[in-house]
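# Overview (structure and organization)
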Protein chains: 2
Amino acid sequence: MVKCDVMSSVTPQLAGSGQSGEIAPSMSSSSPTFSPLYQQIKALITASLESGEWKPGEMIPSEIELAARYKVSQGTVRKAIDEMAADNLLVRRQGKGTFVATHHEERVEFRFLRLVSDDGELGPPESHFIEVKRTRAPNEVARLLGLKPSDSVVYIRRVQRFDGIPVIVEDLWLPGLLFKGLTAERLAQYKGPMYGLFETEFGTRMIRATESLRAVSASADTAALLEIAQGTPLLSVERVSYTYGDKPVEVRHGQYLTKHHHYLNALN
Amino acid sequence: MVKCDVMSSVTPQLAGSGQSGEIAPSMSSSSPTFSPLYQQIKALITASLESGEWKPGEMIPSEIELAARYKVSQGTVRKAIDEMAADNLLVRRQGKGTFVATHHEERVEFRFLRLVSDDGELGPPESHFIEVKRTRAPNEVARLLGLKPSDSVVYIRRVQRFDGIPVIVEDLWLPGLLFKGLTAERLAQYKGPMYGLFETEFGTRMIRATESLRAVSASADTAALLEIAQGTPLLSVERVSYTYGDKPVEVRHGQYLTKHHHYLNALN
DNA sequence: AAGTGGTCTAGACCACTTT
DNA sequence: AAGTGGTCTAGACCACTTC
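Heads up: these notes are all about the structure in this document. (Residues numbered from 1 in each chain as written. Chains lettered and ligands numbered in written order. Predicted model: local features only at pLDDT ≥ 70, side-chain atom pairs only at ≥ 80, totals over all residues. Heavy atoms only, no water.)

### Remarks on the pattern of salt bridges
Enumeration according to the criterion identifies 36 salt bridges over all chains in this entry. Taking the shortest distance from any N to any O, the salt bridge between Asp 82 of chain A and Arg 92 of chain A comes out at 2.5 Å. Of the two residues, Asp 82 of chain A is situated in helix H3 (residues 74-86) and Arg 92 of chain A in strand S2 (residues 90-93); the sequence distance between them amounts to 10 residues. Measuring nitrogen to oxygen at the nearest pair gives 3.2 Å for the salt bridge that ties Glu 53 of chain B to Arg 69 of chain B. Here Arg 69 of chain B lies in helix H2 (residues 63-70) and Glu 53 of chain B lies in the loop between helix H1 (37-51) and strand S1 (59-60), a separation of 16 residues in the sequence. (Salt bridge = Lys/Arg side-chain N within 4 Å of Asp/Glu carboxyl O. Helix = DSSP H or I, 4+ residues; strand = E, 2+ residues; numbered from the N terminus.)

### Topic: H3 of chain A
Residue and element names in this part refer to chain A. For H3, spanning 13 residues, the distance from its first C-alpha to its last is 18 Å, which sits close to the expected 18 Å at 1.5 Å a residue. Looking only at H3, the buried set comprises Thr 76, Val 77, Ala 80, Ile 81 and Met 84. Considered in projection along H3, the buried side chains sweep an arc of 130° and stay on one side of the axis. Contact partners of the buried residues in H3: helix H1 (37-51), strand S1 (59-60), helix H2 (63-70), S2 and strand S3 (97-100). Where H3 ends, the next residue or the one after it, Asn 88, has phi of about 65°, a positive value. (Expected span 1.5 Å × (residues − 1). Buried < 20%, exposed > 50% of the residue type's maximum accessible area, 1.4 Å probe, protein only. Arc of directions from axis to C-beta. Contact = heavy atoms within 4.5 Å.)

### Things to note about the packing of H2 of chain B against helix H3 (residues 74-86) of chain B
All names here are of chain B. Interaxial distance between H2 and H3 falls to 8 Å at its minimum, and their mutual angle equals 110°. When the axis of H2 is compared with that of H3, the two are roughly perpendicular. As for how H2 packs across H3, the hand of that crossing is right-handed. Touching Glu 63, Ile 64, Leu 66 and Ala 67 of H2 are Gln 74, Val 77, Arg 78 and Ile 81, all from H3. (Axes fitted to C-alpha atoms, helices over the stretch in contact; angles between N-to-C directions. Parallel < 35°, antiparallel > 145°, perpendicular 65-115°, else oblique. Left-handed = near helix turned anticlockwise from the far one by under 90°.)

### A short note on the protein's contact with DNA strand C
For DNA strand C, the set of nearby residues contains 24 residues, the closest of which are Arg 92 of chain A together with Leu 37, Ser 73, Thr 76 and Gln 94 of chain B. When atoms of DNA strand C within 4 Å of the protein are split into backbone and base, the sugar-phosphate part holds 86%. The set of elements that each furnish at least two residues to the surface near DNA strand C consists of H2, S2 and S3 of chain A together with H1 and H3 of chain B. Looking at the surface near DNA strand C residue by residue, the classes come out as six nonpolar, 10 polar and eight charged. (Near = heavy atom within 4 Å. Nonpolar A, V, L, I, M, F, W, Y, C, P; charged D, E, K, R; others polar.)

### A short note on the interface of chain A and chain B
In this assembly, 31 residues from chain A lie in contact with 31 residues from chain B. Where chain A abuts chain B, roughly 2500 Å² becomes buried across the two surfaces, and 48% of that area is made up of carbon and sulfur atoms. Across the pair Arg 214 of chain A and Asp 118 of chain B runs a salt bridge whose closest N-O atoms are separated by 2.7 Å. At the boundary of chain A with chain B, the tally comes to 21 residue pairs in polar contact (both at pLDDT 80 or more). Secondary-structure elements contributing two or more residues to the side of chain A that touches chain B are strand S8 (208-217), strand S9 (233-243) and strand S11 (261-267) of chain A. (Buried area = accessible area lost by both parts, 1.4 Å probe. Polar contact = N/O pair within 3.5 Å; in protein donor to acceptor, adjacent residues only side chain to side chain.)

See below:
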């Protein structure tokens with residue numbers, strides 16, 4: 001087998017017009033930052049997801065097609081897709097195809113909201129929006145989102161009820177640039193998790209998040225919203241959500257009343 | 001290629017004396033519970049881990065050896081090991097071999113203790129054991145551990161300090177049968193995480209856990225141990241840890257003072 | 001029947017570690 | 001040089017879904 005030459009890392013040789021007969025699966029010498037073929041394929045597929053070539057819920061080309069497109073073997077494409085499926089970026093369905101993960105259908109209700117009722121099930125929450133406005137980013141939020149304090153953000157405050165009982169008070173900040181038409185009306189109309197709205201209406205898909213948890217005392221206004229006594233212990237959850245390319249696109253501060261609910265976590 | 005017949009699931013055909021020339025990678029008809037070869041290999045490797053054939057920290061046979069032993073291809077062994085490495089049961093080291101995961105060396109300090117300081121790093125905690133005794137399992141603990149209320153358990157209460165400041169009060173319950181020689185002295189002598197002690201001294205390795213988190217108010221005695229005011233909000237963490245075969249072997253109730261620390265969680 | 005992902009094999013070669 | 005895991009390929013066949 002004849003082998004050709006080598007490349008850099010992220011948008012490498014096998015993307016372009018591709019008249020080279022074959023691809024070097026590895027390199028023999030003097031390549032600065034080498035990465036395996038399947039990781040390059042991952043990067044290319046991710047780029048197509050990011051660019052919107054394949055949208056959430058849609059099917060991506062079959063492994064055989066992708067292998068032809070990238071001029072690699074099906075096994076290499078397979079390994080790339082395997083890892084992206086493990087990262088919840090893609091969903092494989094035997095006999096049907098491989099699909100772009102979406103916040104609809106998917107039970108995000110447990111990937112991004114880990115709260116469960118003490119006695120088993122948990123119905124869908126009802127959202128009540130207290131406030132939706134555009135403002136300048138608070139310093140801490142600007143820092144977390146990689147914005148300047150003068151930049152515009154959308155600020156949202158809402159209360160979520162389970163079975164009619166208020167359980168969650170949340171404050172959210174979103175980059176103003178990415179969420180231009182976001183209004184209280186559109187939020188109120190939308191059924192289901194906000195991430196579904198963000199994905200379909202604003203083209204921003206949250207793919208992972210980090211959370212900092214602590215116990216705090218309810219302030220006067222939080223207590224009022226949750227209809228509890230001031231000073232009640234609450235579970236404070238500070239979340240930063242990221243979209244493709246590890247770009248932070250949401251800061252969310254939740255306060256959970258854990259009297260009849262708890263936050264479930266798995267350590268694997 | 002000639003194919004032979006089929007099997008059940010967990011201790012299947014390819015374990016035994018093995019004079020059959022080949023193994024059926026799939027089956028054509030009338031097999032009740034079929035599972036792929038690589039999953040059967042996973043089960044066999046797991047059984048060897050469980051039986052202590054390969055101990056934590058030790059190297060397991062090479063892929064080639066295992067392939068010969070189980071009479072499958074190296075690729076099939078590889079897939080089995082890949083998944084077990086993803087589950088943190090095994091650790092691959094290129095050029096060296098595949099090793100049984102261990103609570104030593106490994107930074108369990110972040111797999112099983114998610115608490116971090118608000119300002120960066122977190123030194124190793126010092127443990128102070130308040131109480132270690134054998135008793136009958138409380139009802140709830142017995143239920144979680146799959147014991148009878150009359151069964152014996154080891155009960156431990158300890159306080160953990162970071163930089164000299166008390167941050168964690170923990171109550172633990174362990175099955176008495178599995179932890180026969182566990183005394184306050186051995187606990188106090190041991191350096192490092194308790195899971196290391198459990199693994200090397202008692203042959204019980206924790207491989208995963210589930211946690212329920214909530215915010216609570218410090219009781220009088222907890223407050224005294226943490227040197228804080230009664231009623232201070234604390235992060236309550238109820239953990240159940242499991243060893244091989246999803247067998248529950250520890251119930252741990254932690255109360256974390258989150259004034260200068262927080263619990264970090266990643267949603268992927 | 002055709003197309004998709006899922007499993008399994010056999011072999012080549014590479015990169016890393018140890019001898 | 002030898003042994004280990006890591007990557008890549010090519011091909012076979014299976015299981016599931018849809019037409």
